[in-house]
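What follows is each chain in one-letter form.
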Amino acid sequence: MDMTLDALDPGERWSRLGVGSTAVLLGLEIRRVELKLTNPVRTSHGEHRRRPVVLVRLSGVDHGAPVEGWGECAALADRSYDAEDVDDSFSILEETLGPALLSATSIAGHLPSLKALGALRSLAPDAPLAYAALEMAVADTHLRSTGSSFVDWIGAPAGPVRAGAVVGEFRDVGELLSRVNVLLDQGYPRIKMKIGRGADVEPIAAVRQAHPELFLQVDGNEDYTESDIDHLAGLDRYGLACLEQPFHRDDLATHARLAHRAATPICLDESLASPETVVSALEMGACSVVCVKPARLGGIGPALEVIQDCSARSVPLWMGGMFETGFARAVNVALGAASGTDWPGDLSPAASYLRQDLTVPQARSLGAEDPGNLIPSRAPGMGPAFDREVVDRHTARLVRLEAGPGPGFGDG
Ligand code: MG
């Protein structure tokens, strides 16, 4: 690795990735892979059973040797959670971002650095998840072609990183308690419960009574309104680590009022769409804990910026999850290591919620035995290798874009 990187912070190191690259891009594949969740997850937004995933694969050559890189998109099956769903991400990648990357690479004569790639962001302002997938694929290509791992490149500590478990809403408290017991037996140091209007006090009280010392947090997923402020302040009696996103994502003012009224720390997730929104939410007192989701923030670069801002303000943060495959989940584990957070994140192994993960089993089992102590992958690239046979078997749609003889192509 370039020794001058040692003096830089992780965000600066990230933007330097790919500087001086000689990799030439030959083509780009966009896939939609159909996966299923092991257990349906019920939240205040509805029930999720399927997990379609959009993947981007770049292929090229560097000094005569083939190079490739993968990116995974966080977009879900529908727009109930993010404004961008898998179909939106697929179209933007196929019609706008993919061709723009091929064109930019052709003009420059090599794959852009992460800093140079940022120019493409403005082409898809409403598709942060698609852009983040492209960014991941470009970064993965650079890292694999230079033999570096993501954690080593950004200079993150070796870990360990703690993973918490998430339970959806249960109609039956007995079922909820037995699920929680199974997760605690597996070693998870934290439980996060999904709650909603009319489905909060009873389940929270039951779990808290059964586990008085448990690191317990709850997620309202925007289900509540201003009229629920008194009710939510009443959750103080359960000693929750935090109450996440009770109100609509655009309603920071009501979050600030609740934060002022309640002792329970308020955490934001859906509201945090950029480093700027994180800073303004903290400054107006709308939250005192931050959930970091790189894709929603606009990619790894913005996520590293948020990690740095929170660290400078001593604001606790934890890594959120989007039911990623083992690939993007490994990226989040690495970011958890970079952040130095001691709050367990939504980082349980993909095999614990997907019927079929897409990464190779050896890599996936790394750290999976002890969710309290995840060790970031040090294999070259952003995450562990995909199992190509499994990816192909679950691919429902595949589009290939080829590099054309654009301006400057082939003349160096
Ligand atoms: Mg959440």
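Conventions and cut-offs
Residues numbered from 1 in each chain as written. Predicted model: local features only at pLDDT ≥ 70, side-chain atom pairs only at ≥ 80, totals over all residues. Heavy atoms only, no water. Pairing = 2+ DSSP bridges. Helix = DSSP H or I, 4+ residues; strand = E, 2+ residues; numbered from the N terminus. Contact = heavy atoms within 4.5 Å. Axes fitted to C-alpha atoms, helices over the stretch in contact; angles between N-to-C directions. Expected span 1.5 Å × (residues − 1). Buried < 20%, exposed > 50% of the residue type's maximum accessible area, 1.4 Å probe, protein only. Parallel < 35°, antiparallel > 145°, perpendicular 65-115°, else oblique. Left-handed = near helix turned anticlockwise from the far one by under 90°. Domains from an automatic or database assignment. Buried area = accessible area lost by both parts, 1.4 Å probe. Donors = N, O, S within 2.8 Å, 3.2 Å for Na, K, Ca; no water. Core = buried A, V, L, I, M, F, W, Y, C linked by side-chain atoms within 4.5 Å. Salt bridge = Lys/Arg side-chain N within 4 Å of Asp/Glu carboxyl O.

K.L.:
So what exactly am I meant to see when it comes to the sheet that holds strand β5 (residues 190-194) here?
P.N.:
Hydrogen bonds along the backbone pair up the strands of a sheet, which may run parallel or antiparallel. In spatial order, the strands read β4-β5-β6-β7-β8-β9-β10; together these seven strands make up an open sheet with parallel pairing. Each edge of the open sheet carries a strand with a single partner, namely β4 (165-167) and β10 (317-319). Two elements, β5 and strand β6 (residues 215-219), share five bridges in a ladder whose sense is parallel. For K194, the partnering residue across the bridge sits in β6 and is D219. Along the sheet face, helix α6 (residues 173-185) touches β4 and β5 and points at about 170° away from the line of β4.

K.L.:
What is the right way to look at helix α12 (residues 300-312) in this model?
P.N.:
The first and last C-alpha atoms of α12 sit 18 Å apart over 13 residues, in line with the 18 Å expected at 1.5 Å per residue. Along α12, the positions that sit buried rather than exposed are I300, P302, A303, L304, V306, I307 and C310. Directly beyond the C-terminal end of α12, a positive phi value near 55° is found at S314.

K.L.:
So what exactly am I meant to see when it comes to the packing of α12 against helix α13 (residues 326-339) here?
P.N.:
Working note: a packed helix pair is described by the angle between its axes plus the distance between those axes. For the pair α12 and α13, the least separation of the axes is 10 Å and the interaxial angle reads 30°. Here α12 is positioned roughly parallel relative to α13, judged by the angle of their axes. With respect to the hand of their crossing, α12 and α13 are arranged in right-handed fashion. Of the residues in α13, those touching α12 at I300, A303, L304 and I307 are V331, L335, A338 and S339.

K.L.:
Before we go on, may I ask you to explain the domain arrangement of the chain in this structure?
P.N.:
One frequent convention defines the size of an interface as the accessible area lost when the parts assemble. Domain parsing of the chain yields domain 1 (3-147 + 388-402) and domain 2 (153-374). The C-alpha centroid of domain 2 is placed 24 Å from the C-alpha centroid of domain 1. Note on domain 1 versus domain 2: buried area summed over both sides is about 3600 Å², and carbon and sulfur give 60% of it. Per-residue buried area on domain 1 facing domain 2 is highest for R42, E72 and Y81; these three make up 19% of the total on that side.

K.L.:
Just checking my understanding: could you explain the coordination of the magnesium ion for this structure?
P.N.:
Note on metal sites: the ideal angle is 109.5 degrees for four tetrahedral donors, and 90 or 180 degrees for six octahedral donors. Protein ligation of the magnesium ion involves D219 (OD), E244 (OE) and D269 (OD), the donor distances falling in the range 2.1 to 2.3 Å. All donors of the magnesium ion belong to a single chain; written as a sequence motif, their spacing is D-x24-E-x24-D. On the criterion of sequence distance, the pair formed by D219 in strand β6 and D269 in the loop between β8 (266-268) and α10 (275-283) is long-range, its members being 50 residues apart. For the pair formed by D219 and D269, the shared burial category is buried.

K.L.:
Even after reading the chapter, I still don't get the nonpolar core, so can you show me in this structure?
P.N.:
Proteins that are soluble and globular tend to have nonpolar side chains buried together. Within the largest apolar cluster, 122 residues are counted, with the highest numbers of intra-cluster contacts made by W14, L101, F150, V290 and M382. For this core, the element with the most residues is helix α4 (residues 128-146), which contributes 11 residues. Of the domains in this structure, domain 1 (3-147 + 388-402) and domain 2 (153-374) are the two that each give at least three residues to this core. Discounting chain neighbours no more than four positions away, the residues touching V290 are C267, L268, L272, V278, L282, V306, C310, V315, P316, L317 and W318. Counting residues in hydrophobic clusters, the runner-up holds seven residues, among them C242, C267, C291 and W343.

K.L.:
Please explain the pattern of salt bridges as it appears in this structure.
P.N.:
Side chains that differ in sign of charge can pair as their charged atoms come close. For the structure shown, the criterion picks out 30 salt bridges. Ionic pairing is found between R197 and D228, a salt bridge with its closest N-O pair at 3.1 Å. Of this pair, R197 sits in the loop between β5 and α7 (201-210) while D228 is found in the loop between β6 and α8 (229-233), placing the two residues 31 residues apart along the sequence. A relative accessible area of 47% means that R197 is categorised as partly exposed. Between K293 and D269 there is a salt bridge, and its shortest N-O distance comes to 2.8 Å. Separated by 24 residues along the polypeptide, K293 in the loop between β9 (289-292) and α11 (294-297) and D269 in the loop between β8 and α10 bring together distant segments of the chain. The exposure class assigned to K293 is buried, which follows from its relative accessible area of 8%. Here the salt bridges do not stand alone but share partners, grouping E29, R31, R57, E68, R388, D392 and R400 into one network.

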